[in-house]
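# Descriptive analysis of the structure
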Amino acid sequence: MSDPAVDGVEPLLSAARLAIERAYAPYSGFRVGAALLADGRLVTGVNVENASYPLSMCAERVALGAMVDAGLRRLEAVAIVTAAARPTPPCGACRQALWEFGEQAIVVSETTAGLRRTWTLAELLPDAFGPGDLDR
Ligand code: THU
């Protein structure tokens, strides 16, 4: 059955599948590719680890930085690709960071084996704190 909301993420998933190859994850070995659709444009990110482990950056937030730097603000969809056994959901910190720009965003995660899950960001971060709480 075709679902427009999900079909629209195919180009995003393709971009995330390519991005995962560029991940820098020598410490965890857990490579993550992310792609965002924002203001109708696509940007990607990968996780970037560091020998000082806590400095490591998640793919989703690396992609958010690229999105903002490209002048894009309205986040519509997020795609994540990993080689994990189950589709990887964004970590808690990334959920909060994504919320800032995409309260309506959908999140789709796929494994390299082809398992897929889709959520709304609101499902992943219920009762979120956001710009509205600061009257922004
Ligand atoms: N990671 C992401 O890039 N995104 C997620 O949603 C989950 C975790 C990265 C951080 C770290 O480089 C590696 O995966 C293992 O936690």
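Structure shown above.
Read on for a plain summary of the structure. The shown structure was predicted, so the numbers you read here are calculated from the model rather than taken from an experiment.

How each quantity is defined
Residues numbered from 1 in each chain as written. Predicted model: local features only at pLDDT ≥ 70, side-chain atom pairs only at ≥ 80, totals over all residues. Heavy atoms only, no water. Helix = DSSP H or I, 4+ residues; strand = E, 2+ residues; numbered from the N terminus. Rg over C-alpha atoms; globule rule 2.2 N^0.38 Å. Buried < 20%, exposed > 50% of the residue type's maximum accessible area, 1.4 Å probe, protein only. Contact = heavy atoms within 4.5 Å. Areas by Shrake-Rupley, 256 points an atom, 1.4 Å probe, with all protein chains shown as cover. Lys, Arg positive; Asp, Glu negative; His and termini not counted. Charge placed at Lys NZ, Arg CZ, Asp CG, Glu CD. Salt bridge = Lys/Arg side-chain N within 4 Å of Asp/Glu carboxyl O. Axes fitted to C-alpha atoms, helices over the stretch in contact; angles between N-to-C directions. Parallel < 35°, antiparallel > 145°, perpendicular 65-115°, else oblique. Left-handed = near helix turned anticlockwise from the far one by under 90°. Nonpolar A, V, L, I, M, F, W, Y, C, P; charged D, E, K, R; others polar.

The number of helices and strands found in the chain is five helices and five strands. Of the regular secondary structure in the chain, the N- to C-terminal order runs α-α-β-β-α-β-α-β-β-α. Against the compact-globule benchmark of 14 Å for 136 residues, the chain has a radius of gyration of 14 Å, which places it among compact chains. If one aligns the C-alpha atoms of the chain with their principal axes, the spans along those axes are about 45 × 40 × 25 Å. Relative to its 136 residues, the chain shows a buried fraction of 41%. Look at the contacts in the chain between residues 6 or more apart in sequence, and 61% of them connect residues 24 or more apart. Surface summary for the chain: the accessible area is close to 7300 Å², and the carbon and sulfur share equals 56%. Averaged over its 12 positive side-chain charges, the chain has a centre that lies 5 Å from the centre of its 16 negative ones.

This part is about the pattern of salt bridges. For side chains of opposite charge, pairing can occur when their charged atoms come near one another. In this structure the tally under the stated criterion is five salt bridges. The partner of Glu76 in a salt bridge is Arg74, with the nearest N and O atoms 3.5 Å apart. The partner of Arg116 in a salt bridge is Glu110, with the nearest N and O atoms 2.8 Å apart. Assessed through its relative accessible area of 31%, Arg116 is described here as partly exposed. Sharing partners across several salt bridges, the network here consists of Glu10, Arg17, Glu110 and Arg116.

Here the focus is the packing of helix H3 (residues 59-69) against helix H4 (residues 92-99). Relative to each other, H3 and H4 sit at 20 degrees, their axes nearing to 9 Å. Classified by the interaxial angle, the pair formed by H3 and H4 is roughly parallel. Between H3 and H4 lies a crossing of left-handed hand. Within the contact between the two elements, H3 uses Glu60, Arg61 and Leu64 and H4 uses Ala93, Cys94, Ala97 and Leu98. Split by residue class, the contact of H3 with H4 holds five nonpolar, no polar and two charged.

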